[in-house]
Amino acid sequence: MTHPGRLRAVAVLATGALLLSGCSAGDGQNGADGGEPSAAASSTGPETVKIAAGVDTQTRVLAHLYQQRLSADGVPATVVDVGSTREEIFDALQDGRATMVPDFTGDLYVYARQHEVPASQATGASPTPAPSASADTDAPRGLLDSLGQLLGITGETGPSGDDVYRALPDVMPSGLEVLDSSGAQRTDQVVVTAATDAQYDLKSLDGSGKQCGKLAVGMPTDYADSAQGEPGLKAYYDCDPKAAPEYKTTDELVNALLTDQVQAAVLRSSEPVIQDDGLVALEDPNRLFRPEHAVVVGSEKLSDQAVSSVNAVTAELTTEDLTTITRLTGGEDPAMSPEKAATYLREQPR
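Summarised in this report is the structure supplied together with it. All figures in this text were calculated on a predicted structure; none of them were measured in a lab.

Right, let's get into helix α17 (residues 338-347). Within α17, burial applies to Ala341, Ala342, Thr343, Leu345 and Arg346. The secondary structure elements touched by the buried residues of α17 are α3 (57-72) and α16 (319-329).

Following this line, the structure appears as structure tokens:
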């Protein structure tokens, strides 16, 4: 997806810089968390791009992935730890301690709509008033209705990935922009075992209403009462599960599913267990679950060369890459550090 806002003249990278794109993290400058640019880079060369590590392990790996590509393309870059909440990260983006951050569209929209002052409002325009936090999280349709109203969408389905992405620039604080969106996503979905799918002939949430009373649907902590939990299942699919127990960790939720303590579970599409254990993801034709595509928020002061490098990485990202990230860096004893996982991803053929 391309950026819906202002057009940028993207500088053509030199052939030598392109050849460097396959180099490892060690070839770039300032790859470590919290690293500072060298005196030479800060005084005579381009300004160092400071990449916030983001809100979780996946965004931290992506931050290193962007850092490695920028450095390989001749743009000084470093990964900085400015906090793990969006509030801390946006403060850093606005005061210059960070230049960009990888994130995911749906969660980003919710945060920006609820907590930030849109650039249009800062310049004296009269945009659609942002709803209160409770309006976006407590109502059965929550974000889905507020976004539909913002975009003039009516009907019985939630927003598409394009809808959310197009809405993001309007809620960004002044001085920040949304770069290209990726096809890589970690959108929530209801999954069942192959045996449960065969037993109840589910396939899709659209036809699950009559069977829902027989199913316990496991959910992450604080999810069941949210707009995408039990209220959303009822509003979108007339699905009233017999129970909706919550689990503190993904491992606990998956174990409950595989041992038939629950017959369905809400998992991110990038969870490796879906592939590893042959789980069946039920289709969500009414788009109950908000789209979560990888995206980068950056300062409008980012150079054209930096934007070009960042967008090139984003365009190559796949959902399978996000699954690989979880596989390599998840759990109590991760196989790789975020930086090494990023290097591994860059070395894979495209």
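Here we come to unusual backbone geometry. At Asp201, a residue that is not glycine, the phi angle is positive and equals roughly 50°. Here Asp201 lies in the loop between α10 (194-200) and α11 (209-212). Take Asp201: its relative accessible area is 56%, and that puts it in the exposed class. Look at Asp238: it is not a glycine, yet its phi comes out positive at around 50°. Locating Asp238 in the fold gives a position in the loop between α12 (230-237) and β7 (246-247).

Okay, the pairing of strand β6 (residues 217-220) next. Alignment of β6 against strand β8 (residues 264-268), held across two bridges, turns out to be parallel. Counterpart to Val217 in the pairing with β8 is Ala264. Here β6 pairs with β7 via two bridges, running parallel. Note that in β7 the partner of Met219 across the bridge is Glu246. You can see the chain leave β6, run along α12 and come back into β7, and the turn it takes is right-handed.

A word on the pattern of salt bridges. Under the definition given, this model contains twelve salt bridges. Notably, a salt bridge pairs Asp197 with Lys203, separated by 3.1 Å at the nearest N-O pair. For Asp321, the salt bridge identified is with Arg350, shortest N-O distance 2.7 Å. Residue Asp321 is found in helix α16, and its partner Arg350 is found in the segment after α17; the two are separated by 29 residues along the sequence. Looking at Arg350, the relative accessible area reads 54%, which means it is exposed.

Take empty space enclosed by the protein next. Tallied over the entire structure, the rule returns one cavity of 30 Å³ or more. Quantified by volume, the largest cavity comes out at close to 60 Å³. Surrounding the largest cavity, Val190, Val192, Leu205, Ser208, Cys212, Leu215, Val217, Leu233, Cys239, Ala264 and Leu282 form its lining. Partitioned by chemical class, the residues of the lining of the largest cavity number ten nonpolar, one polar and no charged.

The probe, sized like a water molecule, is rolled over the atoms to show the empty space still left. Put simply, the second largest pocket is a space of about 510 Å³. Every residue lining the second largest pocket is counted, 19 residues in all, and those nearest its centre are Thr250, Glu271, Thr326, Gly330 and Gly331.

Here we come to the sheet that holds β7. Paired through backbone hydrogen bonds, the strands of a sheet run either parallel or antiparallel to each other. One open sheet holds the five strands; their spatial order is β7-β6-β8-β5-β9, and the pairing between them is mixed. Each edge of the sheet is formed by a strand with only one pairing partner; in this case those strands are β7 and β9 (280-281). Pairing analysis gives four bridges linking strand β5 (residues 188-192) to β8, with the strands arranged antiparallel. Within β8, the position partnered with Val190 by the bridge is Val266. Across the sheet, helix α13 (residues 250-258) is in contact with β5, β6, β7 and β8; its angle to β8 comes to roughly 145°.

On to the packing of aromatic side chains, then. Inspection of the entire model under this criterion finds one aromatic pair. Considering the side-chain rings of Phe90 and Tyr111, the 5.3 Å spacing of their centres and the 45° angle between planes classify their relative orientation as tilted. In this pair, Phe90 is assigned in helix α4 (residues 86-95) and Tyr111 in helix α5 (residues 105-115), connecting sequence segments 21 residues apart. The burial state of Phe90 is the same as that of Tyr111; both residues are buried. Over the ring of Phe104 we find Arg186, and its NZ or CZ is 3.7 Å from the ring centre.

A separate point is the packing of α3 against helix α15 (residues 304-316). At a closest axis distance of 9 Å, the pairing of α3 and α15 adopts a crossing angle of 130°. When the axis of α3 is compared with that of α15, the two are oblique. The handedness of the crossing between α3 and α15 is right-handed. Residues Leu65, Tyr66, Arg69 and Leu70 of α3 form the contact with α15, whose participating residues are Ala306, Ser309, Val310, Ala312, Val313, Thr314 and Glu316. Grouping the constituent residues of the contact of α3 with α15 by class yields seven nonpolar, two polar and two charged.

Okay, the side chain of His293 next. Structurally, His293 can be placed in strand β10 (residues 293-299). Taking relative accessible area as the criterion, His293 reaches 10% and is therefore assigned buried. Here the side chain of His293 touches Ser182 through a polar contact of 3.0 Å, landing on its backbone oxygen. In this view, His293 contacts Asp103, Phe104, Thr105, Gly161, Ser181, Ser182, Gly183, Ala184 and Gln185; residues no more than four positions away in its chain are not counted.

Reading guide: rules and limits
- Residues numbered from 1 in each chain as written.
- Predicted model: local features only at pLDDT ≥ 70, side-chain atom pairs only at ≥ 80, totals over all residues.
- Heavy atoms only, no water.
- Buried < 20%, exposed > 50% of the residue type's maximum accessible area, 1.4 Å probe, protein only.
- Helix = DSSP H or I, 4+ residues; strand = E, 2+ residues; numbered from the N terminus.
- Contact = heavy atoms within 4.5 Å.
- Pairing = 2+ DSSP bridges.
- Right-handed = clockwise from strand over helix to strand, strands pointing away.
- Salt bridge = Lys/Arg side-chain N within 4 Å of Asp/Glu carboxyl O.
- 1 Å grid on protein atoms, 1.4 Å probe; cavity = no way out; pocket = protein on both sides within 12 Å on 5 of 7 lines; lining within 4 Å.
- Points joined across faces, edges and corners; volume = space filled by probe spheres on them.
- Nonpolar A, V, L, I, M, F, W, Y, C, P; charged D, E, K, R; others polar.
- Axes fitted to C-alpha atoms, helices over the stretch in contact; angles between N-to-C directions.
- Phe/Tyr/Trp six-rings, centres within 6.5 Å; stacked < 30°, edge-to-face > 60°.
- Lys NZ or Arg CZ within 6 Å of the ring centre and 35° of its normal.
- Parallel < 35°, antiparallel > 145°, perpendicular 65-115°, else oblique.
- Left-handed = near helix turned anticlockwise from the far one by under 90°.
- Polar contact = N/O pair within 3.5 Å; in protein donor to acceptor, adjacent residues only side chain to side chain.

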